[in-house]
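# Observations on the three-dimensional arrangement
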Amino acid sequence: MINILKVNDVDKLLTRMLAGLENFCFRFRTPFLLWLAIFTAGMGYFALQLRMEAGFEKQLPIGHEYVKTFNEYRGDLLGANRLNIVVKARNESIWTQASLTRLYEVTQAVIYLPSVDRLGVQSLWTPNSLVNEITEEGFRADPIIPGTVTPDSLTAEKIAEIQRSTSLGGFVGTLVSRDQTSAMIVAELGEVDKDGNKIDYVEYNKSLNELRKRFEDENYEIQIIGFAKQIGDIADGASSVLEFCGAALVLTAMAVYWYCRSIRFTLLPIICSFTSLVWQFGALRLLGFGLDPLGVLVPFLVFAIGVSHGVQQINFIVHELAHGKSAEDAARTSFRGLLIPGVLALVTAFVSFVTLVIIPIPMVRELAITASLGVFFKITTNLAMLPIAASYFTLDRKYAEEAMDRRESRARWLRPLARVAEPGRALVVIGIAACVFGAAVWQSRDRVIGTLQPGAPELRQEARFNRDAVAIAQNYDTGLDWLTVVFEASPESCNNVAIGDFQDKFVWDMQNTPGVLSVASYAGQLRTYNEGYNEGHPKMAVVPLDEANYASLSTEIGRMRGYMRKDCSMTAVHLFLSDHKATTIGGVIDKVKTFRNDHQLEGVTIRLAAGNSGVLAAVNDEVEHAETPMMVYVFATIIALVALVYRDFRAVVACCLPLLIGTFIGYWFMKELQIGLTVATLPVMVLAVGIGVDYAFYIYNRLQLHLANGLNIVRALEHSILEVGTATIFTAITLAVGVATWAFSELKFQADMGMLLAFMFIVNMIMAMTVLPACAVWLEKIFPRRSPVRAPGILAH
Amino acid sequence: MKYFAAMSVKRLGATICLATGICALYAVQASAAVEQSEVRISPAVISQFATRAAILGAATAGQRVVAVGSYGTVLLSDDGGQSFRQARSVPVSSTLTSVSFVDEKHGWAVGHWGMILATEDGGDTWAVQRTDLKEDRPLFSVHFFDQNEGVAVGLWSLILRTGDGGKTWDRISVQDPDTGGESDRNLFKLFAAPSGTLFVSAERGSVLRSDDRGRTWSRLDTPYKGSLWSGLVMKDGTLLVGGLRGSLYRSRNGGSSWDQVRNDAHNSITDMVETSDRVVAVGLNGVRLESRDGGMTFVASQRDDRLSLTAAVIAPSGDVVTFSKTGIVGTGTSSAVSSK
């Protein structure tokens, strides 16, 4: 009977299992590799069918208060999946025949774009842009441009009339820019068409680009913003991911070659990592997923992890070869020696990715599945396939000796570093680490959630989309960012004057909130209509007190899209925001909540929050709430694994403390570089811990071995650092350089991830090479061992 | 231009309902006895953005300029309209439309919800004298002769008069000479001659006149058929009234006969004042008219931002302070004004 509480039993079990596995794998190495080859070919077939796929729905957090409101009323409110297309005259005003003709042509083209709600398209030329006028005959609502007017028949008088109507109808700032040089076309997109087909946003973006190409020339500019354009541009940018990954691959290959001076050993880890990538893509395809543009980096992160483990294997094998072993023996030793730390590291990375499932956003969950699958495959490709394939190599002694010489000379400059294991120096290191830790914790308080930059946060400031977004936000009252607050009441509330009055007070409160550019609301429409019905007298711009009057105005407003349900059971307030910085949205939401607490009206519920800013706020909320549990789970996994394998709290502390310090330094870095915590950067932080622990595992693994062999702690640490130090430093730098190239990506989030990840690789390496040994020494000094160190049997040779 | 008063909006509602076929809903609304929450009178919110509220009426209280507007906003300026602060305590947040002071301390403001407020400290704190939530009949204008006698007018020929400083208000009814029944013309603006004669510019081109401080009224008809929103008695006794789409009429005989004053403005005139050397009228969409010949001819200009001007008052310095739908505009002609 195995008692897992008994060290010896566990050791024996592990030892037996490892030996069995090793014998099995190496005895049947040819069929094993053949089988892998066939499997890879099969998966490759599916992997080739993988396409990039984006979706609006899957970015919505499931079950969040705001998203519930959004979903419940999405049919009644302005959709968050809107396209705003602006026709801008470069040199003149929009009020010329040529400009209005161009606007007409673009409007027609937009109406016939696929997936567009045709009747909902609005521009100066569409019949749903109505101007309310009081005439001798009574109230009249006419289109801005009468149906009888065509672009050919435009005269100066007619244009002047259109201009007057536009201003009268209050369309300056909505359909025409404030500087009157451009006009807007608004269209709503349905993600699923009537046949049940989903929009392919990548393809859709092509038709938008064609539209732009067709109508943009030296006289007119076509600006397009909206979710479809945004995600399309991201997908376009994401396709350049391949180039960056290619560059990273070449850099990595060159570095590995410099390290091992053998083409075969260079290609081996890369081919192994690539194999698992193929499996991963194939599996994704089989699961029915596409590659999300926002998650496109993850497979390549996994690839990087693979290379990192591969280098450790090569390091081990060359070391064994230099000691005169045959290729097969060396490979077997490496398999045996690295299986435990390798599995530990990969399981940690696996758990890190799995914790992403905590965030209830379908896209993030998809990403979690993608990544954890990839890491899972790594266990096979890097820890088994690699050494098994290496056992076929025939290498002469000369190569091994040269390799050993190189190793010695490289290790020479590691010697000063290895002296951190001396207690005096260790104390200095711990002191410095404590100071840095304190500073990092202090500096990383009030970290930013969400994004700081205006426009689409995934794209760079200077990207066409963001330039368009800024131009539109500057010239129109209705920018890209709006938050919709919903007033719920009982059905048939259209004569409940109190609701309008209550909402009117709310609107006044919100109008005076920093970050709110303008407000469009049911109460505001009541005011406008009441004023309009009274000859436009400013003194009549109020929410009417008379029930019948109130009710008939409500009927009027109900004919417009986006302000209410027909029976007034829901009326809306749209708050147009200056940007979508998390602090801006947060401030506005706080103000809404304060109002909700301070003012109540019986039967009326104020609900947050639809609009794209409402969705963003929900995402920020989820990210913020998921962060701590995710980190806790990841650290808990590391602690559990280390405790299980080494059965020593010293190991737990020595492995986890450097990681904790590294994580907080990472937070500090994020704050300094204004990188917010988002669905893109949160996985990076969690993963950084998962990868950072690799270094700790590989060093600690050697340390245990030397301690078990009877060396004292200082000597054991020196040996460990000299043996794996080069490989660890080399891996960290290689990976960091590889991902640092992403900083040149045209995608902002990719650049952020690249910089953050490169930084975290280096920080965690430095921590593992300095703080870990220093901690280990002092833990040993403070808590001397009563019994000799036991490493899982196999490690003791 | 036919005008729809709020009363006719009910008719209009039915018409629209017929036209659009949403009658069922309308009928339900009319008959359903759904539990109603009542509108509540609550104090005006003190806000650093109060100066952005729509201002609808203004007056001077000694050296102070007092302006009133939407959301119970009352703004005070002690530097001739250069800077404003919000009144300390206003017990209502409904829309205020007009204000009148008899000295530097005593003033009254009126507005929607039948609201009449009074102050005894130059506009810093206010008390409710009257309100009426039963009937949606807003008051549009107020004028006090002294601390006791005052008149307020509003929708559908509503005339209220007090002889006790606002403690009690009597409703004065006016007959319509055309129909013989009670007049239902909207009464927009009270303006008084130094002699004490009081005028009201009103709907359908009419002007009411009272020579006994508001007890009895007679109707003067102008040739104009639209609404007259504003009016002024000039120093020489000439009457000037302004209405929709730049309409201006002038009478040199106390209202017996009127001449149209042609001008280039096409926007409704909301208020007018006379300074030592000119007459200034302001209106919707940023229109501003100036006359230097006693109102015989006007020069029109329009603000580039088309901001609707809603009220004007002469500051103690003699400057014209103007107000808009988005609050204070300021004194003099700003750079945003271009000649038309």
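Residues numbered from 1 in each chain as written. Chains lettered and ligands numbered in written order. Predicted model: local features only at pLDDT ≥ 70, side-chain atom pairs only at ≥ 80, totals over all residues.

### Some remarks on the overall build of chain B
From N to C terminus, chain B includes 2 helices and 28 strands. Expressed as a percentage of the 340 residues in chain B, the buried residues total 49%. Excluding contacts between residues fewer than 6 apart, the proportion of contacts in chain B whose partners are at least 24 apart in sequence is 47%. (Helix = DSSP H or I, 4+ residues; strand = E, 2+ residues; numbered from the N terminus. Buried ≥ 20, exposed ≤ 12 C-beta atoms within 10 Å, placed from the backbone. Contact = placed C-beta atoms within 7 Å.)

### Some thoughts on the environment of Leu-291 of chain A
Residues and elements named next belong to chain A. For Leu-291, the position within the fold is in the loop between helix H9 (263-286) and helix H10 (298-322). Between the C-alpha atoms of Leu-291 and Tyr-695, which are 404 residues apart in sequence, the distance is 30 Å. Apart from the residues lying within four places of it in its own chain, the contact partners of Leu-291 are Leu-50, Arg-51, Met-52, Glu-53, Leu-284 and Val-296.

### Observations regarding unusual backbone geometry
Omega for the peptide link from Leu-608 of chain A to Ala-609 of chain A comes to -20 degrees, which places this bond in the cis form. One non-glycine residue, Gln-674 of chain A, lies in the positive phi region at around 55 degrees. Of note, Gln-674 of chain A is situated in the loop between helix H22 (649-672) and helix H23 (681-708). You will see that Tyr-71 of chain B, though not glycine, has its phi angle at about 60 degrees, which is positive. Summarising the element assignment, Tyr-71 of chain B is placed in the loop between strand E2 (64-69) and strand E3 (74-77). Owing to 23 C-beta atoms within 10 Å, Tyr-71 of chain B belongs among the buried residues under this scheme.

### Structural notes on the confidence of the model for chain B
Parts of the prediction with low pLDDT should not have their coordinates interpreted in detail. Residue and element names in this part refer to chain B. Mean pLDDT over chain B stands at 84; residues scoring 70 or higher make up 86%. Scored below 50 in pLDDT, residues 332-340 makes 14 contacts in the model with residues more than four places away or belonging to other chains. With pTM at 0.79, the complex prediction returns an ipTM value of 0.87. (pLDDT = per-residue confidence, 0-100.)

### A look at the nonpolar core
Counting 351 residues, the largest nonpolar core has Ala-696 of chain A together with Ile-55, Ala-58, Ala-109 and Val-153 of chain B as the members making the most contacts within it. When residues in this core are grouped by element, the largest group, 19 residues, is from helix H25 (residues 748-782) of chain A. Discounting chain neighbours no more than four positions away, the residues touching Val-153 of chain B are Leu-139, Phe-140, Ser-141, Leu-158, Ile-159, Leu-187, Leu-190 and Val-200 of chain B. (Core = buried A, V, L, I, M, F, W, Y, C linked by C-beta atoms within 7 Å.)

### Points about the packing of helix H8 (residues 241-260) of chain A against H9 of chain A
All names here are of chain A. H9 packs onto H8 with a crossing angle of 140 degrees between their chain directions and a minimal axis gap of 8 Å. It follows from the interaxial angle that H8 and H9 lie oblique. Here H8 and H9 pass one another in a crossing that is right-handed. Residues Leu-249, Ala-253, Val-256, Tyr-257 and Cys-260 of H8 form the contact with H9, whose own contacting residues are Ile-263, Phe-265, Thr-266, Pro-269 and Ile-270. Tallied by class, the residues present in the contact of H8 with H9 amount to 9 nonpolar, 1 polar and no charged. (Axes fitted to C-alpha atoms, helices over the stretch in contact; angles between N-to-C directions. Parallel < 35°, antiparallel > 145°, perpendicular 65-115°, else oblique. Left-handed = near helix turned anticlockwise from the far one by under 90°. Nonpolar A, V, L, I, M, F, W, Y, C, P; charged D, E, K, R; others polar.)

### Quick word on H8 of chain A
If you check H8 of chain A, its first and last C-alpha atoms are 28 Å apart, about what 20 residues at 1.5 Å a residue would give, namely 28 Å. Each element contacted by the buried residues of H8 of chain A is listed here: helix H7 (227-239), H9, H10, helix H13 (397-412) and helix H24 (713-740) of chain A. (Expected span 1.5 Å × (residues − 1).)

### Topic: the sheet that holds strand E6 (residues 482-488) of chain A
Residue and element names in this part refer to chain A. Strand order in this open sheet of 4 strands is E7-E8-E6-E9, and the pairing throughout is antiparallel. The sheet terminates laterally at strand E7 (516-521) and strand E9 (605-610), the two strands that pair on one side only. The average angle at which neighbouring strand axes cross in this sheet is 20 degrees, direction not considered. Looking at chain direction, E6 and strand E8 (residues 570-577) are connected through 7 bridges and run antiparallel. By the bridge assignment for E8, Trp-482 is matched with Phe-576. Sheet contacts for helix H18 (residues 522-533): E7 and E8; angle to E7, the most-contacted strand, approximately 70 degrees. (Pairing = 2+ DSSP bridges.)

### A look at the domain arrangement of chain A
Residues and elements named next belong to chain A. In terms of domain boundaries, chain A breaks down into domain 1 (7-48 + 240-443 + 647-796), domain 2 (60-70 + 465-617) and domain 3 (78-236). In this structure, domain 1 and domain 2 have C-alpha centres spaced 53 Å apart. On the side of domain 2, 4 residues touch domain 1, which itself brings 4 residues to the contact. (Domains from an automatic or database assignment.)

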